[in-house]
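A closer look at the structure
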Amino acid sequence: MTVIAVLGAGKIGEALLSGLLHGGHEPGDLLFTERYQARVEELTSQYGVRGVEVEEAAKRADVLVVAVKPQDIEPVLDELAPLLGPSSLVVSLCAGLPTSLYERRLAEGVPVVRVMPNTPMLVNEAMSAISAGRYATADHLAVVRDLLSHVGQVVEVPEAQQDAVTALSGSGPAYFFYLVEAMIDAGILLGLPRALAGQLIIQSAVGAAKMLAESDEHPVLLREAVTSPAGTTINAIRELEKHGVRAALLAAIEAAKDRSVELGKAHDED
Ligand SMILES: NC(=O)c1ccc[n+]([C@@H]2O[C@H](COP(=O)([O-])OP(=O)(O)OC[C@H]3O[C@@H](n4cnc5c(N)ncnc54)[C@H](OP(=O)(O)O)[C@@H]3O)[C@@H](O)[C@H]2O)c1
């Protein structure tokens, strides 16, 4: 069995550990590192998985999943540099960090796969996009695909597309949460109790998401099916168009991509 170590078991790292356990991985084949003892004890008592020092993680694990915040990467690279060789596999979940950063800082030939996941990993519904670095082979990508398939869907993209992926699916859940929040406010405006407005909109979102995922219909056709002539929905759509909601979404997602590019530049080649 492949031994997997998660370096930095915060929200995403914990979700991955939990998904791997549910997917049939044995607790003895999973390791993690964390900064504080209290967090180590919390995770060990909840999942039966051992918290270890980086040295042990590097020695024992076949796959090292880096899940610290991007701004915390430097000390992790310093620790890993003398410990890893070409037989290790590094999987980076860190937004905006290019594989070239790892390749520059680690020993020559260490394979790196970059992943852009998203928070629905917490409910095993992640959308993860994976990209091979310079030394990662098709076999390495297959290992990462298999690992992430326990917590959602996986696609492979060229690394150059990772900024667009970050803007679309990395940040994507936030856009849906924002829309739901605004629609609940609309229910309040119409005089509904907040709890009822929340239930109506959240279940509508779940139902709409299921229809999108399970039917082969284009979203336009699904919307048209709810938009009867001279009905209520078309009145709402007219207001959405008048207020430029489609253009706002295009501009918003483009701005997210620009920011991702900007953050990545901080780690460009010296
Ligand atoms: N959350 C998202 O929506 C999302 C989406 C896509 C990608 N990601 C990426 O996923 C990664 C993790 O995000 P997250 O939201 O899970 O962050 P998080 O909750 O802050 O988790 C990071 C964890 O790593 C620990 N840590 C930091 N430095 C460490 C070190 N040197 N050794 C061991 N542990 C260390 C942190 O401990 P402390 O709490 O003590 O600092 C924290 O528990 C990030 O790189 C992020 O870019 C996140």
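Quick caveat: nothing in here was measured; it's all calculated off a predicted structure.

1. Some remarks on the nonpolar core
By size, the foremost hydrophobic cluster in this structure holds 53 residues, and its most contacted members are V65 and V66. The element that contributes the greatest number of residues to this core is helix α1 (residues 11-22), accounting for five residues. Setting aside residues no more than four positions away along its own chain, V65 makes contact with I4, A5, V6, L7, L16, V91 and L93.

2. Thoughts on the UniProt feature "domain: Pyrroline-5-carboxylate reductase catalytic N-terminal" (unreviewed entry) in the protein chain
Per the UniProt entry, the sites bearing "domain: Pyrroline-5-carboxylate reductase catalytic N-terminal" (unreviewed entry) are residues 4-96 in this numbering. Between the first and last C-alpha atoms of residues 4-96 the distance is 23 Å; the span itself is 41% helix and 19% strand.

3. Considerations on the UniProt feature "domain: Pyrroline-5-carboxylate reductase dimerisation" (unreviewed entry) in the protein chain
The UniProt feature table records "domain: Pyrroline-5-carboxylate reductase dimerisation" (unreviewed entry) at residues 159-263. Across residues 159-263 one finds 80% helix and 0% strand; the C-alpha atoms that close the span lie 15 Å apart.

4. Overview of the site of the ligand
Within the structure, the ligand sits among 26 residues, and G8, G10, I12, C94 and A95 are positioned closest to it. Broken down by element, the shell around the ligand gets its largest block of residues, three residues, from α1. Tallied by class, the residues present in the shell around the ligand amount to 14 nonpolar, seven polar and five charged.

5. What about the domain arrangement of the protein chain?
The domain architecture assigned to the protein chain consists of domain 1 (4-160) and domain 2 (172-262). Taken over C-alpha atoms, the centre of domain 1 sits 34 Å from the centre of domain 2.

6. With respect to the sheet that holds strand β6 (residues 112-116)
The eight strands lie next to each other as β3-β2-β1-β4-β5-β6-β7-β8, forming an open sheet whose pairing is mixed. Strand pairing shows two members of the sheet lacking a second neighbour, β3 (50-51) and β8 (152-156), which therefore form its edges. Relative to β3, strand β2 (residues 30-33) runs parallel, the two sharing two bridges. Counted as the bridge partner of F32 is G51 from β3.

7. Brief notes about the packing of helix α8 (residues 172-189) against helix α9 (residues 194-214)
At a closest axis distance of 9 Å, the pairing of α8 and α9 adopts a crossing angle of 140°. Taken together, the axes of α8 and α9 lie oblique to each other. Regarding α8 and α9, the two cross each other, and that crossing is right-handed. Each of F176, V180, M183, I184, G187 and I188 in α8 lies in contact with α9, whose residues at this interface are R194, A197, G198, L200, I201, I202 and A205. Considering only residue class, the contact of α8 with α9 consists of ten nonpolar, two polar and one charged.

About the criteria used
Residues numbered from 1 in each chain as written. Predicted model: local features only at pLDDT ≥ 70, side-chain atom pairs only at ≥ 80, totals over all residues. Core = buried A, V, L, I, M, F, W, Y, C linked by C-beta atoms within 7 Å. Buried ≥ 20, exposed ≤ 12 C-beta atoms within 10 Å, placed from the backbone. Helix = DSSP H or I, 4+ residues; strand = E, 2+ residues; numbered from the N terminus. Contact = placed C-beta atoms within 7 Å. UniProt positions renumbered as here; feature names shortened; annotations may be inferred. Near = placed C-beta within 6 Å. Nonpolar A, V, L, I, M, F, W, Y, C, P; charged D, E, K, R; others polar. Domains from an automatic or database assignment. Pairing = 2+ DSSP bridges. Axes fitted to C-alpha atoms, helices over the stretch in contact; angles between N-to-C directions. Parallel < 35°, antiparallel > 145°, perpendicular 65-115°, else oblique. Left-handed = near helix turned anticlockwise from the far one by under 90°.

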